[in-house]
Amino acid sequence: MCDFHCELNRDLLICGAMLHDLGKITELSYDPVFEYTDKGKLIGHIVIGAIIIEEETSKIKNFPEEIKNSLLHLVLSHQGKLEHASPVVPKTVEAIALYQADELSAKVNAYKNALLSEMKSDSNWTRFITLAQTDLYKLEISEELEAKINKSLFE
């Protein structure tokens, strides 16, 4: 994203990308399976992550307040909308870029999972997927054709 939009603060955006789900380490337990902790259900990973960042940056002498606030904003707004549990909506270009990247990643993963689990038998189509508001098509390309396409497009 930063290669296309050089006005983005690359270090801030990468830091936000790395830390935006930091609170999930406390929100979820994983033994023996992933489940929400009491703290996770009561507070949520976004606020937990912001608290951790606030605590850790306060340990660094003279940590720049503007950078801390910008990083906190990335974490607090990364789900993009109040109705999607973000305490604030994205208000910087870095926050918008992070939200869109996170949204794209989540949707592509959801669609890939639907293609793995919701295929109709003897068909290249899934059942109707509510998230997508459509049924999805699984494109089947032979390895030979894919090699030819990739060679012609990317060489």
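This part is about the packing of helix α1 (residues 10-19) against helix α6 (residues 93-117). The interhelical angle for the contact between α1 and α6, taken along N-to-C directions, is 40 degrees, at an axis separation of 10 Å. Classed by the angle they form, the pair α1 and α6 counts as oblique. For the element pair α1 and α6, the recorded crossing hand is right-handed. Taken together, the residues of α6 that come into contact with α1 (itself represented by Leu12, Leu13, Gly16 and Ala17) are Glu94, Ala97 and Leu98. In terms of residue class, the contact of α1 with α6 is made up of five nonpolar, one polar and one charged.

All right, on to helix α4 (residues 45-58) then. Look at α4: 20 Å from first C-alpha to last across 14 residues, which is about the 20 Å you get at 1.5 Å a residue. Inspection of α4 places His45, Ile46, Ile48, Gly49, Ala50, Ile53 and Thr57 among the buried residues, and these make up the whole buried set.

All right, on to the environment of Ala50 then. Its place among the elements puts Ala50 in helix α4. Judged by relative accessible area, which is 11%, Ala50 ranks as buried. Note: C-alpha distance between Ala50 and Val75 (25 residues apart in sequence) is 6.6 Å. In this view, Ala50 contacts Leu72, Val75 and Leu76; residues no more than four positions away in its chain are not counted.

In this section: the nonpolar core. Grouped together as the largest cluster of nonpolar side chains are 13 residues, with contacts concentrated most on Leu8, Leu13, Ile53, Leu71 and Leu74. Contributing elements (two or more residues each) for this core: α1, α4, α5 (65-77) and α6. No other element matches the four residues that α5 contributes to this core. Contact partners of Leu8, with chain neighbours within four places excluded, come to Met1, Cys2, Leu13, Val93, Glu94 and Ala97.

What follows covers the pairing of strand β3 (residues 125-129). Across three bridges, β3 lies against strand β4 (residues 134-137) in antiparallel orientation. Across the sheet, Trp125 pairs through a bridge with Tyr137, a residue of β4. Counting the residues between successive antiparallel strands, the hairpin from β3 to β4 contains four residues, one of them, Gln133, with a positive phi of roughly 60 degrees.

Side chains that differ in sign of charge can pair as their charged atoms come close. All told, the structure shown has eight salt bridges when counted by the stated rule. Taking the shortest distance from any N to any O, the salt bridge between Lys68 and Glu54 comes out at 3.0 Å. With Lys68 in helix α5 and Glu54 in helix α4, this pair connects stretches of sequence that are 14 residues apart. Classification of Lys68 as buried rests on a relative accessible area of 11%. Note that Lys59 is salt-bridged to Glu56, the shortest N-O span being 3.0 Å. Its relative accessible area of 62% is what places Lys59 among the exposed residues.

Quick notes on the rules
- Within each chain, residue numbers correspond to sequence positions counted from 1 in written order.
- Note on the predicted model: pLDDT of at least 70 is required for a residue's local features to be given, and 80 or more for side-chain atom pairs to be given and counted; whole-chain, interface and lining totals, by contrast, use all residues.
- Side-chain figures throughout are based on the complete set of non-hydrogen atoms in the structure, without hydrogens or water.
- To get an axis, a line is fitted to the C-alpha atoms, and for a helix only the part in contact is used. The angle between two axes follows their N-to-C directions and goes from 0 to 180 degrees.
- Labels follow the DSSP assignment, with helices taken as runs of H or I lasting at least four residues and strands as runs of E lasting at least two, numbered in each case from the N terminus.
- Should an angle lie under 35 degrees it is considered roughly parallel, over 145 roughly antiparallel, and from 65 to 115 roughly perpendicular; all remaining angles are considered oblique.
- If you view the pair so one helix is near and one far, a crossing is left-handed when the near helix is turned anticlockwise from the far one by less than a right angle, and right-handed when it is turned clockwise.
- Working rule for contacts: check all heavy atoms of both residues, and any pair within 4.5 Å makes them a contact.
- For this classification, the nonpolar set comprises Ala, Val, Leu, Ile, Met, Phe, Trp, Tyr, Cys and Pro, the charged set comprises Asp, Glu, Lys and Arg, and every other residue, Gly included, is treated as polar.
- One less than the number of residues in a helix, times 1.5 Å, gives the span that helix is expected to have.
- A 1.4 Å probe rolled over the protein chains alone gives each residue an accessible area, and that area as a share of the maximum for its type sets the label: buried under 20%, exposed over 50%, partly exposed in between.
- Here, the term nonpolar core denotes a set of buried Ala, Val, Leu, Ile, Met, Phe, Trp, Tyr and Cys residues that are joined through side-chain atoms within 4.5 Å.
- Note: two strands are recorded as paired if DSSP finds a minimum of 2 bridges between them.
- What counts as a salt bridge is simple: a side-chain nitrogen of Lys or Arg found within 4 Å of a carboxyl oxygen of Asp or Glu.

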